[in-house]
Structure formats: C-alpha cells, structure tokens
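Architecture at a glance
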Amino acid sequence: MKTFYGKPVDSNPVNEFNSYILNGGFPRAIKFDSMESKRAYTKSVIDEIFQKDIRRRVHIGNRHAFESVRNYMINNFGATTSIRSLENALKQSGIQISRPTLARYIQVLIDAKILYAVDRFDMKSKRPLNGDRKYYLADMSFYYAANTDNRVNYGPVLENILYIYVRGKNYSVSIGRIGNLECDFIMRSPDMEYSYVQVAISIMSDKETEDREYRPLEKIRDNYKKYVATLDPMLQKRNGIEHINLIDFIKSGGDF
C-alpha cells in the first residue's frame, strides 16, 4: 500500500513490521506522514464504527457499561477470557453488568468485526473447552489508537497478526490445551490439512524459552505439521518441528 500511494518503504522489514503494529492496517492511514495524524484518522474511523454502525444496528441501554466492556476486551486481546472473569474484572472497577448482557455486548463487538473469538480445544478428550476463549482484534490500531503507550507486548501482538493472516486465507483456527500446556493455534486449511503453531518473539535468548515453545508441540502425537513462528533471523529445526520467521513467512504468502 505504501508503494501504491507513493510513500517511501523502509529497507528494513522489521521497521515496517513495527510500523504496521503501531499504525494498523487501514489503507488510508498510510497517506498521513506523522503518527499523530495517523492516530487521529484511525480513531475517527473507530469512533464512526461505534457511534454510527453499532448504535444504528443495536440498542445499547447503558452506553457507559458497553464502553467499559469494549475497552476491557480491546485492552486484553490475546488473553484467555471468560464471561465470569470479565464480570469479576468489571466488579472490581465498580461496574455491575449481568452475564447475559456481557455475552450480548461481546457478540455485538464480534458482529461488528471488531473482535474475533477463538475457542479452546482439549486435545486429549477431543472436546471444546466451554467458557474460556481468546479474542483477537480485527486490526491492531483498535488497541494503539485508544492507548498512549507505544510499548509492544509482542506475545499477543504476534498471535493477533498471525491469526488475521491465516483467517484471510480461510483457515479455521482454535487454541489447543494439552494437559497443563497450551498450543497457541490449531489450524485447518481449506484443503482440510491440519497444522500446529507456537508463536513467540524469539527462542534464541535462552534454552528455557526454547524448551517452553517446543514442549507443547513435542507432546502432540500425530504426524501433522508443527511450527514455531518467531522474529528470529536465524532458524533451526528440532524433532521435525519447523522454525519460521513470521515476517518472511507472511511476505512470501506462506501456507501452513
């Protein structure tokens, strides 16, 4: 999109990747040069979604309560969340909302394509885990336009970007639990091919980090492909598990 609009492209893809994280993927935001202008534009788009699209479709009786739920869900993207944990978090802030209303507000955000809900799956019993889900943002700008903090928590951010990428390729996605371990993503391609993916910023810093990311995949006893996706420039293989650089993989249009 930068090339399309005649904007300079940084020769370092890591810098462009970080810019994408902070500024989001709304194409017209690229026309603005300063981060302040980009944020102002993105915030105006987000406000229009909430003020016009959602309010036109859905009756929101308690606007303050809805905004509290919206802010909580956006600020906790990528975290395992249940209606109960959301209810408790809001109670601590002095906000009382019934669970049916909370469920309705979350569904409003999903229907408006602000959030995507990802179910968790117990790989031992082969059953979904009711109640607990992870929620990812349709665009990272929903978070950064609403927050002044530019620090990047790469864990949920990289998960979010990879999730949006594979959803754009029409993959089905869930989160796997293996005993007390978690597999970040179980993916099913349109061709019904399965794969398992762990996501981390790096596995090169120490052996403990490497083991933590590989351990869930090594416990899976089938022959489907397994990947560890990081930002590491140097890649390795371990027990048949493929290590990929997330930026290069997405740039090349890779499939799992």
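A brief structural summary. (Residues numbered from 1 in each chain as written. Predicted model: local features only at pLDDT ≥ 70, side-chain atom pairs only at ≥ 80, totals over all residues. Heavy atoms only, no water.)

Note on placement: D122 falls in strand 2 (residues 115–122). Side-chain polar atoms of D122 contact the side chain of R177, separated by 2.8 Å. With sequence-adjacent residues up to four places away left out, D122 is seen in contact with R127, L129 and R177. (Helix = DSSP H or I, 4+ residues; strand = E, 2+ residues; numbered from the N terminus. Polar contact = N/O pair within 3.5 Å; in protein donor to acceptor, adjacent residues only side chain to side chain. Contact = heavy atoms within 4.5 Å.)

Once that is clear, we can look at the environment of M1. Position of M1 among the secondary structure elements: in the segment before helix 1 (13–23). For the pair M1 and I164, spaced 163 residues apart in sequence, the C-alpha to C-alpha distance is 17 Å.

Further remarks concern the packing of helix 4 (residues 83–92) against helix 5 (residues 99–111). Packing of helix 4 against helix 5 brings their axes to within 10 Å, and their N-to-C directions diverge by 105 degrees. Taken together, the axes of helix 4 and helix 5 are roughly perpendicular relative to one another. Along its contact with helix 4, which presents I83, R84, L86, E87 and L90, the element helix 5 presents R99, L102, A103 and I106. Split into classes, the residues belonging to the contact of helix 4 with helix 5 amount to six nonpolar, no polar and three charged. (Axes fitted to C-alpha atoms, helices over the stretch in contact; angles between N-to-C directions. Parallel < 35°, antiparallel > 145°, perpendicular 65-115°, else oblique. Nonpolar A, V, L, I, M, F, W, Y, C, P; charged D, E, K, R; others polar.)

So, about helix 1. Inspection of helix 1 places E16, F17, I21, L22 and N23 among the buried residues, and these make up the whole buried set. Packed against the buried residues of helix 1 are helix 2 (35–57), helix 6 (141–144), helix 7 (154–168) and helix 9 (246–251). Of the residues that open helix 1, the one with a side-chain oxygen 2.9 Å from the backbone nitrogen of V14 is N12. At the C-terminal side of helix 1, G24 shows a positive phi close to 80 degrees. (Buried < 20%, exposed > 50% of the residue type's maximum accessible area, 1.4 Å probe, protein only.)

What follows covers a nonpolar patch on the surface. A surface patch of nonpolar side chains, amounting to about 280 Å² of accessible area, comprises M192, Y194 and Y224. In this structure, Y224 sits in the loop between helix 8 (207–218) and strand 7 (225–230). Take Y224: its relative accessible area is 36%, and that puts it in the partly exposed class. (Patch = residues over 30% accessible without salt bridge, like charges linked within 9 Å, V, L, I, M, F, W, Y side chains within 5 Å. Areas by Shrake-Rupley, 256 points an atom, 1.4 Å probe, with all protein chains shown as cover. Salt bridge = Lys/Arg side-chain N within 4 Å of Asp/Glu carboxyl O.)

Below, the discussion takes up the packing of helix 2 against helix 3 (residues 63–75). Between helix 2 and helix 3, whose axes approach to 13 Å, the crossing angle comes to 115 degrees. By crossing handedness, the relation of helix 2 to helix 3 is classed as right-handed. Residues F50, Q51, I54 and R55 of helix 2 form the contact with helix 3, whose participating residues are R63, F66, R70 and I74. Across the contact of helix 2 with helix 3, the residue classes break down as four nonpolar, one polar and three charged. (Left-handed = near helix turned anticlockwise from the far one by under 90°.)

Take the pattern of salt bridges next. Enumeration over the complete set of coordinates arrives at 20 salt bridges. Ionic pairing is found between E182 and R120, a salt bridge with its closest N-O pair at 2.9 Å. With E182 in strand 5 (residues 181–188) and R120 in strand 2, this residue pair connects regions lying 62 residues apart in the sequence. E182 gets classed as partly exposed once you look at its relative accessible area, which sits at 23%. Here R120 falls in the buried class, since its relative accessible area comes to 10%.

With 13 residues, helix 5 should reach 18 Å at 1.5 Å per residue; the first-to-last C-alpha distance of 18 Å fits that figure. Buried within helix 5 we find L102, Y105, I106, V108, L109 and I110. (Expected span 1.5 Å × (residues − 1).)

With that settled, consider the pairing of strand 5. Counting buried positions along strand 5 gives six out of eight residues, so the element sits mostly inside the fold. With six bridges joining them, strand 4 (residues 172–178) and strand 5 adopt antiparallel strand pairing. By the bridge assignment, S172 is partnered in strand 5 with R188. Between the antiparallel neighbours strand 4 and strand 5 lie two residues, among them G179 with a positive phi of about 65 degrees. (Pairing = 2+ DSSP bridges.)

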